[in-house]
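Reading the structure
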Amino acid sequence: MALLKIAHIGHPVLRERAREVGLEELRSPEMQRFIDDLVETMRDASGAGLAANQVHRPVRICAIEVESNPRYPYKPRIPLTILVNPVLEPLTDETFDNFEGCLSVPNLRGLVPRHARLRVRALDRHGAPLDFEVAGISAGTFQHECDHLDGILFVDRVRDTRSLCTWAEFDRFHRERFVERVREIVARYGS
Ligand code: NI
């Protein structure tokens, strides 16, 4: 396996709509190796997720995993999930404000409104269909990763740019209140 180079904001690959992946292409040893590398790169960078176009490959594949993450210690756990050609469907008009960061936007965080409940349809890494619901903080993570595949970064969705902050200032001034909010969201939506 290999660590892949992560593209940063300003690189055009982050702004392209990534293309759908065919079954034969998905099942090829080369693409399976790429998915292993995507997961290894996500884990190495302590990301909660990583989309293929963030590592310069504009195909509709993303990895999501939250396991006691030092970047996001308050996030509910999500087992490793690979989404191929994902389609998200909001199940409610309810939204919540999620404090997001991104490996492609170094040292910046901001508040992003996200749908509180989603239906997720996709293929897994072997081409088997996935169909499940996700809610709360975890739903924010799924929306963030799938946005990448459409060339959208979290900064595009920040409604109040005064919420933007560095990671150090997040820890100093915003973290405590947001962690309290996360507890309320987890109590309400179960994740
Ligand atoms: Ni991101």
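Provided above is the structure to which this section pertains.
Structure report, in brief.

Reading guide: rules and limits
Residues numbered from 1 in each chain as written. Predicted model: local features only at pLDDT ≥ 70, side-chain atom pairs only at ≥ 80, totals over all residues. Heavy atoms only, no water. Helix = DSSP H or I, 4+ residues; strand = E, 2+ residues; numbered from the N terminus. Contact = heavy atoms within 4.5 Å. Polar contact = N/O pair within 3.5 Å; in protein donor to acceptor, adjacent residues only side chain to side chain. Buried < 20%, exposed > 50% of the residue type's maximum accessible area, 1.4 Å probe, protein only. Pairing = 2+ DSSP bridges. Core = buried A, V, L, I, M, F, W, Y, C linked by side-chain atoms within 4.5 Å. Donors = N, O, S within 2.8 Å, 3.2 Å for Na, K, Ca; no water.

Attention now goes to the environment of N107. Tracing the chain through its elements places N107 in strand 5 (residues 105-115). Spatially, the C-alpha atoms of N107 and F170 are 10.0 Å apart, while their sequence positions differ by 63 residues. Once residues within four sequence positions are removed from consideration, N107 is found in contact with C165, T166, W167 and A168. From its side chain, N107 meets the backbone nitrogen of W167 in a polar contact 2.9 Å long.

Residue alternation in strand 6 (residues 117-123) divides its side chains into a buried set, L118, V120 and A122, and an unburied set, R117, R119, R121 and L123. Bridge count for strand 3 (residues 78-90) against strand 6 is 5 bridges, and the pairing is antiparallel. Counterpart to L88 in the pairing with strand 6 is V120. Hairpin geometry of strand 6 and strand 7 (residues 129-135) is characterised by an intervening segment of 5 residues between the two adjacent antiparallel strands and by a positive phi of about 95 degrees at G127.

Moving on: the nonpolar core. Y74, L83, V134, F142, F170 and F178 are the most contacted members of the largest nonpolar core, which has 31 residues in total. Every element with two or more residues in this core is listed here: strand 2 (61-66), strand 3, strand 4 (95-102), strand 6, strand 7, helix 3 (136-149) and helix 5 (167-189). Of all the elements, helix 5 adds the most residues to this core, at 7 residues. In contact with F142, not counting residues within four places along its chain, are I64, I78, T81, L83, L88, L118, V120, F132 and V134. Formed by 18 residues, the second largest nonpolar core is a distinct cluster that contains I6, L26, L50 and V59.

On to the pairing of strand 7, then. Where strand 6 lies against strand 7, 7 bridges are found, and the strand directions are antiparallel. Paired with V120 across the bridge in strand 7 is F132.

Before going further, it helps to spend a moment on the coordination of the nickel ion. Four donors placed tetrahedrally about a metal ideally form angles of 109.5 degrees, and six donors placed octahedrally ideally form angles of 90 or 180 degrees. The coordination sphere of the nickel ion contains the protein donors C102 (SG), H144 (NE2) and H148 (NE2), at a distance range of 2.1 to 2.3 Å. Along the chain, the residues donating to the nickel ion fall in the pattern C-x41-H-x3-H. In this pair, C102 is assigned in strand 4 and H144 in helix 3, connecting sequence segments 42 residues apart. On the basis of relative accessible area, H144 is assigned to the buried category, the value being 6%.

Nothing here speaks to function; it is geometry throughout.
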